[in-house]
Amino acid sequence: MLNAEDIFGFGSGRSGHDPVTGFLLAMRDAWMTGTGLKESGSGQSMPRGNPETGLPAATLLRPMISALGAMADLAAANRQGFGQPGAGPAAHPSPGARHDPSAADFLLPIGQAMMIAANRSVSYWLGLAQIFESHQATLVQAIGVKAIDGHMTGSERLVTADALRALLREVGDLAIREALLFQNELSALDESLVQTFEQPEPSGSYRRRWRAKL
Amino acid sequence: MIRLRERIARWIDGCSDELREALEWQFLTGSKYFRPLTIFSCYRATREGPIPEQIMQSALVIELFHNVSLIIDDIVDRSPTRRGRATMHTKFGELSALMTSGYIVAEGYLQMKDDLAGIALFSELMKRLGVAECMQWRLRRQPLGVEDWRKIAGEDTGSMFEVCACLGDRSGRLRTFGGLLGLLYHGCDDVGDVKGLAALGGGGEEDLRDGILTLPAALAIRDPAAAKIFCDPESGNLAELGRYFVAKLPEAEAYLDKIADEGRTEARSFAVDPAPLVALIEQTRQLSRY
């Protein structure tokens, strides 16, 4: 089994993290575990990355995992900056970050969005595996000896074509459903962000500060 | 549903004296109101509280448009009866039936005058229904498959229920659910017709005669012998073709179970409260099990 820890060189000995850092690290670990599972558990039926380049899935997911690690480091640095001013590199964050305790408020939603993306990816791949499993017999028939030799009867060809069309439709339907679910989940996150960062109503009645063009 | 029935009665009261009798004949008897029920259920699946005026109005108009499709279908199929009584064209003549259909469509759009999004959905429905009927007729007596049936049924009954779902939830999230519900309804109707053919000696003869691609037909004509009769009715008798259809009923029922499963998955994925939608699926699934 592919060990993502070895590949990406992240240590796992961090402990006592603040919630934000812990969350991001957990997400990074979840991604790495998922990558490893995909590499080892899916066998030959699942695509292992880009078929043209032959890159393993782990390599393709490297940017996502690196980003999570970087965000975790940033979250940890921010916490250190607040706790121990003047100590170490994290003691010199940008002025905005130093005095803005809501940095974590931004990091968490980004992390949540990435978690949502990861879940949807896994869900899509699982769905795809189920579809291919349920159509295995058809696929075998479609690429079987009779088909290659051209010995299929007219009705056999129609039945096989019908089954292959069903497979294509199901794959398309799955992609649309997962994309819509992804969109819905991101919309819910967007809504919660709006509520979190909503500015208090300015006192007094609302006044327009511009003129409508006539 | 009581509110809807009263609303339809009030609407007929306000219509032209010339057409009132025909409208009462068409609307005030025997409707299952399944399409309005779909609109209400999709509303309930996404929001709480009483049914608002806009949704009630949509339910009225979907019932109007659905009846237009029934009147036209009956004329095209030359059906003498529907729901156990004379069809509108049989009772009042073809001219009256056609003119009443036009009157109902115009009234439907007038009823929706304050709901632009609703008008767009009803326009989509009328266009798709027209295209589906033409496609179904063009593709008759051809050796097609289940995927082709799915495409035709999806545009015919599927589009009706897709629009119902969109009218109910107004976000588009339940559109696919509506399409699957319509597909299920269409398939159950197909299977029910063949069962009626087998048990009661009635129902579904028009489809059989015209070589319309129903779900049992799509499964049966995988057999070259059945396909030969289906594509060329002169080459064998229709009773024999009917027997091929009956033999495929278990497979058709299994396929309908699969569509029902797809519908439940869709409901659970996109509804806040999937219970009313799952209930719709169960109710529809029963249509072929009498």
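The following refers to the structure shown. Computed from a predicted model, the values in this text were never measured in an experiment.

**As for the overall build of chain A**
Regarding its fold elements, chain A presents nine helices and zero strands. Mapped in sequence order, the helices and strands of chain A form the string α-α-α-α-α-α-α-α-α. Out of the 214 residues in chain A, the part that is buried amounts to 27%. Partitioning the contacts of chain A with sequence separation of at least 6, the portion at a separation of at least 24 is 70%. Per element, the accessible surface of chain A, about 13800 Å² overall, is 60% carbon and sulfur.

**Thoughts on helix α1 (residues 2-13) of chain B**
Residue and element names in this part refer to chain B. Its 12 residues give α1 an end-to-end C-alpha distance of 17 Å, which sits within 8% of 16 Å, the value for a rise of 1.5 Å per residue. Listed in full, the buried residues belonging to α1 are Leu-4, Arg-7, Ile-8, Trp-11 and Ile-12. Across the axial projection of α1, the buried residues extend over an arc of 135°, all falling on one side. Residues of α1 that are exposed and angled more than 90 degrees away from the buried face: Ile-2, Arg-10 and Asp-13. Looking at the buried residues of α1, the elements they touch are α2 (17-27), α3 (34-46), α4 (53-77) and α6 (94-111).

**Focus on helix α15 (residues 249-270) of chain B**
An α-helix turns once every 3.6 residues. As a result, residues three or four positions apart point the same way. Taking 1.5 Å per residue as the helical rise, α15(B) with its 22 residues ought to reach 32 Å, and the 32 Å between its terminal C-alpha atoms agrees with that figure. Of the residues making up α15(B), those classed as buried are B:Leu249, B:Ala252, B:Glu253, B:Tyr255, B:Leu256, B:Ile259, B:Ala260, B:Gly263, B:Arg264, B:Glu266, B:Ala267 and B:Phe270.

**Regarding the interface of chain A and chain B**
Of the residues lining the interface, 12 residues belong to chain A; the matching set on chain B comes to 17 residues. The largest share of the area that chain A buries against chain B comes from A:Asp162, A:Arg165 and A:Arg169, three residues that together contribute 38% of it. When the shortest N-O distance is used, the salt bridge between B:Glu147 and A:Arg169 registers 2.8 Å. Viewed at the interface, chain B and chain A are joined by six residue pairs in polar contact (both at pLDDT 80 or more).

**Considering the pattern of salt bridges**
Residue and element names in this part refer to chain B. Using the criterion set out here, one finds 27 salt bridges over all chains in the structure. Close ionic contact of Arg-7 with Glu-53 constitutes a salt bridge, the shortest N to O distance being 2.3 Å. Of this pair, Arg-7 sits in helix α1 while Glu-53 is found in helix α4, placing the two residues 46 residues apart along the sequence. A relative accessible area of 14% places Arg-7 in the buried class.

**Some remarks on the nonpolar core**
Residues and elements named next belong to chain B. Residues Ile-62, Trp-149, Leu-174, Phe-177 and Leu-277 are the most contacted members of the largest nonpolar core, which totals 89 residues. With 11 residues, α4 is the largest single contributor of residues to this core. Residues contacting Ile-62, with those up to four places away along its chain left out, are Arg-35, Pro-36, Ile-39, Phe-122, Leu-125, Met-160, Val-163, Cys-164 and Leu-167.

Cut-off values and rules
Residues numbered from 1 in each chain as written. Chains lettered and ligands numbered in written order. Predicted model: local features only at pLDDT ≥ 70, side-chain atom pairs only at ≥ 80, totals over all residues. Heavy atoms only, no water. Helix = DSSP H or I, 4+ residues; strand = E, 2+ residues; numbered from the N terminus. Buried < 20%, exposed > 50% of the residue type's maximum accessible area, 1.4 Å probe, protein only. Contact = heavy atoms within 4.5 Å. Areas by Shrake-Rupley, 256 points an atom, 1.4 Å probe, with all protein chains shown as cover. Expected span 1.5 Å × (residues − 1). Arc of directions from axis to C-beta. Buried area = accessible area lost by both parts, 1.4 Å probe. Salt bridge = Lys/Arg side-chain N within 4 Å of Asp/Glu carboxyl O. Polar contact = N/O pair within 3.5 Å; in protein donor to acceptor, adjacent residues only side chain to side chain. Core = buried A, V, L, I, M, F, W, Y, C linked by side-chain atoms within 4.5 Å.

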